[in-house]
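Survey of secondary and tertiary structure
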Amino acid sequence: MPETIIIHLTINGTGRSFRTPPGRRLLDLIRDDAGQTGTKEGCGAGECGACTVLLDGLPIPSCLVLAASCEGHEITTVEGLVHDGSPHAVQEAMVETGGVQCGFCTPGVIMTSVALLENSIDDREEQGRRLAGNLCRCTGYEKIFHALEVAGTTDD
Amino acid sequence: MDLSVKDIYRPLTFDEAVAAFSDEPSMLPIAGGTDISVQMRAGKFAGAHLLDLSGVLPRSISADGGFIEIGAGATMDEIADSGPLRSVCPALCQAARKVGAWPIQCRATLGGNLANASPAADTAPPLLVADALVVAAGQGGLRNIEAEDFFAGPGENTLKPGELIHSIRLPVTDPPSFSRFTKLGWQREQIISVVSLSISLHLNDQGLVTKAAAALGAVAATPKRAPSVEAVLVGHSLDPAAISRAVEAVQNDITPIDDIRAPAWYRRVAAATLVERMLEEASGA
């Protein structure tokens with residue numbers, strides 16, 4: 001049996017402690033230990049963006065980050081965007097514009113999109129470059145860009 | 001799936017990290033982890049004893065005398081958006097914005113990109129061109145390593161056992177008039193370079209090149225300077241004849257191999273094309 005370590009971090013606003021093996025990925029901690037299965041595993045190698053979550057407000061690939069290295073930090077997953085039962089403006093806009101098709105990339109796309117809006121990155125070409133790490137094979141991205149536009153205007 | 005990690009030491013300060021690594025240089029330092037995790041997932045470093053640097057590396061980007069000092073823990077995203085760096089070394093900011101995709105850039109560190117010593121490391125050519133210094137921290141304190149002496153081979157650097165990268169220092173007293181980075185890969189974004197190139201030029205009022213520096217990635221065992229390109233540019237204006245001499249000269253500076261991403265002959269053609277395009281841009285053509 002490998003040694004275990006204790007990790008304290010904040011997930012979606014709640015401080016939590018976990019006892020895990022030292023090699024646990026943040027992705028597995030989120031899904032298996034914290035039970036927040038909105039975050040998906042796609043490639044597991046940082047290529048597809050499905051596992052994107054926010055670490056202290058910035059998007060990161062949770063499959064490439066060790067949970068142990070997030071000690072004391074704040075993680076936001078797609079579940080954490082809902083406030084008082086209301087979805088985030090980006091979530092609403094994705095539904096409204098049809099930015100969701102098969103849905104597997106959606107949680108990651110939404111997290112990167114939220115970070116784009118929170119960092120006031122509103123140039124469409126730049127949004128495209130920043131979303132290049134979130135692979136979507138259904139929508140062709142047009143509806144996702146439309147969702148960003150809609151959310152950008154409702155968010156302000 | 002858990003990565004194969006035997007133990008992880010999480011120091012509270014950088015000094016603690018240096019002391020621990022000096023005592024136990026077999027530990028595997030990990031900062032952002034965006035590259036090491038991929039290698040571990042593929043079975044490398046199984047049973048590693050990790051030294052977690054993510055919270056303790058210097059991270060600020062600050063002016064210091066004739067230098068800009070970039071903490072080894074500065075992320076690609078922080079470097080790409082840094083005002084001081086954009087004004088003195090835009091090539092480095094452009095390269096940082098081309099390492100993986102944005103979520104990778106928000107996690108990957110400059111120290112990690114260098115320590116991994118990939119021949120394709122995107123931040124390496126701009127740092128070579130800028131005559132940067134890699135500041136290593138060990139039990140005996142800090143020492144400077146010229147960027148050109150830092151890379152020893154694929155995955156090999158010249159840090160001594162027990163040394164960590166503390167920061168990178170960029171001399172900025174004489175910023176160039178032209179500073180660019182470009183890379184070529186299988187696709188435009190989120191890709192490992194097949195060839196990368198950075199050039200900086202000092203041009204005088206007559207349009208003559210007074211100083212030239214060029215470096216390439218993924219065309220040799222390490223990222224490397226291109227002295228032949230530099231030599232044929234200095235003293236000339238960027239006319240078509242000078243550009244075509246540089247395009248020929250770059251062949252003397254590279255020793256590409258066939259690998260999974262491209263054959264050597266393709267890298268030779270691509271290196272020539274990138275040099276031509278970048279110099280044409282510099283000439284205003």
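Note that this is a predicted model, so its numbers are computed, not measured. Every chain is numbered on its own, with residues counted from 1 as its sequence reads. Chains and ligands are labelled sequentially in the order written, the chains with letters from A and the ligands with numbers from 1. Local features are withheld for residues below a pLDDT of 70 in this predicted model, meaning they are given only at 70 or higher, and side-chain atom pairs are given and counted only at 80 or more; totals for whole chains, interfaces and linings count all residues. To obtain the side-chain values, all non-hydrogen atoms of the structure were used and water was disregarded.

**Some thoughts on the overall build of chain A**
Along the backbone of chain A there are five helices and five strands. Reading the secondary structure of chain A in the N-to-C direction produces β-β-α-β-β-β-α-α-α-α. Just to be clear, the radius of gyration here is over C-alpha atoms, and the globule rule we use is 2.2 Å times residues to the power 0.38. Over its C-alpha atoms chain A spans a radius of gyration of 16 Å, differing by no more than 12% from the 15 Å that the globule rule assigns to 156 residues. With a 1.4 Å probe rolled over the protein chains alone, any residue whose accessible area is under 20% of its type maximum counts as buried; one over 50% counts as exposed, and the rest are partly exposed. Expressed as a percentage of the 156 residues in chain A, the buried residues total 55%. Long-range contacts, defined as pairs at least 24 residues apart, comprise 53% of the intrachain contacts of chain A with a sequence gap of at least 6. The protein chains shown are the only cover counted for residues, whose accessible areas, like all others here, come from Shrake-Rupley with a 1.4 Å probe. When the accessible surface of chain A is split by element, carbon and sulfur atoms take 48% of a total near 6,700 Å². Just so you know, the count uses Lys and Arg for positive and Asp and Glu for negative, and it drops His and the chain ends. Throughout, a charge is located at the NZ atom of Lys, the CZ atom of Arg, the CG atom of Asp or the CD atom of Glu. Taking the average location of the 11 positive side-chain charges in chain A and that of its 22 negative ones, the two points are 8 Å from each other. Strands here are runs of E lasting at least two residues and helices are runs of H or I lasting at least four, both read from the DSSP assignment and numbered beginning at the N terminus. A contact between two residues is defined here by any heavy atoms of the two lying within 4.5 Å.

**Structural notes on the pairing of strand E7 (residues 141–146) of chain B**
Residues and elements named next belong to chain B. By the convention used here, strands pair only if DSSP detects at least 2 bridges between them. Relative to E7, strand E6 (residues 133–138) runs antiparallel, the two being bridged by six bridges. Along E7, the bridge assignment pairs Val135 with Asn144. Counting the residues that bridge the hairpin from E6 to E7 gives two residues.

**Remarks on the domain arrangement of chain A**
Residue and element names in this part refer to chain A. Each assigned domain of chain A is listed here: domain 1 (5–81) and domain 2 (89–155). Segmentation into domains, and thus their bounds, comes from an automatic or database assignment. Taking only C-alpha atoms, the centre of domain 1 and the centre of domain 2 are 21 Å apart. Contacts between domain 1 and domain 2 engage 18 residues on the former and 13 residues on the latter. Accessible-area loss on putting two parts together, using a 1.4 Å probe and summing over both, is the definition of buried area adopted here. Buried area between domain 1 and domain 2, both sides added, is near 1,200 Å², and the carbon and sulfur share of it is 68%.

**Quick notes on the pattern of salt bridges**
Salt bridges are defined as contacts in which a side-chain nitrogen from Lys or Arg sits within 4 Å of a carboxyl oxygen from Asp or Glu. In the structure shown here, the tally under the stated rule is 23 salt bridges over all chains. Notably, a salt bridge pairs Asp64 of chain B with Arg169 of chain B, separated by 3.0 Å at the nearest N-O pair. On the criterion of sequence distance, the pair formed by Asp64 of chain B in strand E4 (residues 61–64) and Arg169 of chain B in strand E10 (residues 164–171) is long-range, its members being 105 residues apart. Assessed through its relative accessible area of 37%, Asp64 of chain B is described here as partly exposed. Where Arg86 of chain B meets Asp81 of chain B, a salt bridge forms, and the shortest distance between an N and an O atom there is 3.6 Å. Each of Glu125, Glu126, Arg129 and Arg130 of chain A together with Asp77, Asp81, Arg86 and Arg97 of chain B takes part in a single network of salt bridges with overlapping partners.

**A look at empty space enclosed by the protein**
Cavity means a closed set of points on a 1 Å grid over the protein atoms alone, one where a 1.4 Å probe fits but cannot get out, pocket means an open set with protein on both sides within 12 Å along at least 5 of 7 lines, and lining means a residue has an atom within 4 Å of a point. Grid points are joined across faces, edges and corners, and a volume is the space filled by probe spheres set on the points. On inspection of all chains with the given rule, the structure shows three cavities of 30 Å³ or more. Considering only enclosed or pocket space, the largest cavity measures out at about 50 Å³ in volume. In this structure, the largest cavity is lined by Gly46, Glu47, Gly49, Thr52, Pro61 and Gly133 of chain A together with Ala101, Pro103, Ile104 and Gln190 of chain B. Residue polarity is assigned by list, with Asp, Glu, Lys and Arg as charged and Ala, Val, Leu, Ile, Met, Phe, Trp, Tyr, Cys and Pro as nonpolar; anything else, Gly included, falls into the polar class. Across the lining of the largest cavity, the residue classes tally to four nonpolar, five polar and one charged. By volume, the second largest cavity is sized at about 40 Å³. Leu114, Ala124, Leu127, Ala132, Val134, Ala147, Phe150, Phe151 and Ile168 of chain B together form the lining of the second largest cavity.

**Let's talk about the nonpolar core**
Residue and element names in this part refer to chain B. We call a set of buried residues a nonpolar core when its members are Ala, Val, Leu, Ile, Met, Phe, Trp, Tyr or Cys and they connect through side-chain atoms within 4.5 Å of each other. Judged by nonpolar contacts, the single largest core of 56 residues is most densely connected at Ile70, Leu114 and Leu170. Among the elements that line this core, the one with the most residues is helix H1 (residues 14–23), at five residues. If near-sequence neighbours (up to four positions away) are discounted, Leu170 is found in contact with Gly66, Phe67, Ile68, Ile70, Leu85, Cys89, Leu92, Leu127, Ala130 and Ala132.

**Considerations on the interface of chain A and chain B**
Across the boundary between the two partners, chain A contributes 37 residues, which contact 29 residues of chain B. Both sides of the chain A and chain B interface together cover about 2,600 Å² of buried area, and 59% of this is carbon and sulfur. Applying the counting criterion to the chain A and chain B interface returns three salt bridges. Elements with a contribution of two residues or more to the side of chain A that touches chain B: strand E1 (5–11), strand E3 (52–55), strand E4 (58–61), helix H3 (106–118) and helix H4 (124–130) of chain A. Among the residues making up the side of chain A that touches chain B, the classes are represented as 21 nonpolar, eight polar and eight charged.

**Notes on the environment of Ile79 of chain B**
All names here are of chain B. The topology assignment puts Ile79 in helix H3 (residues 76–80). Of the residues examined, Ile79 reaches a relative accessible area of 0% and is grouped as buried. In sequence terms Ile79 and Pro90 are 11 residues apart; their C-alpha atoms lie 9.9 Å from each other. If we skip the residues at most four places from it in the chain, Ile79 touches Ile61, Ile70, Ala74, Leu85, Leu92, Cys93, Ala96 and Leu110.

**What about the packing of helix H11 (residues 240–253) of chain B against helix H12 (residues 264–283) of chain B?**
Residues and elements named next belong to chain B. Lines fitted to C-alpha atoms define the axes here, with helix axes fitted over just the stretch in contact, and angles between the N-to-C directions of these axes take values from 0 to 180 degrees. As a packed pair, H11 and H12 sit with axes 9 Å apart at the nearest point and diverge in direction by 150 degrees. Judged by the inter-axis angle, H11 sits roughly antiparallel to H12. Of the two elements, H11 crosses H12, and the hand of that crossing is right-handed. Note on element contacts: H12 touches H11 through Arg268, Ala271, Ala272, Val275, Glu276, Leu279, Glu280 and Ser283, opposite Ile243, Ala246, Val247, Val250 and Gln251. For classification purposes, angles smaller than 35 degrees are called roughly parallel, those larger than 145 roughly antiparallel, those between 65 and 115 roughly perpendicular, and all remaining angles oblique. Helix crossings fall into two classes, left-handed where the near helix is turned counterclockwise from the far one by less than a right angle and right-handed where it is turned clockwise.

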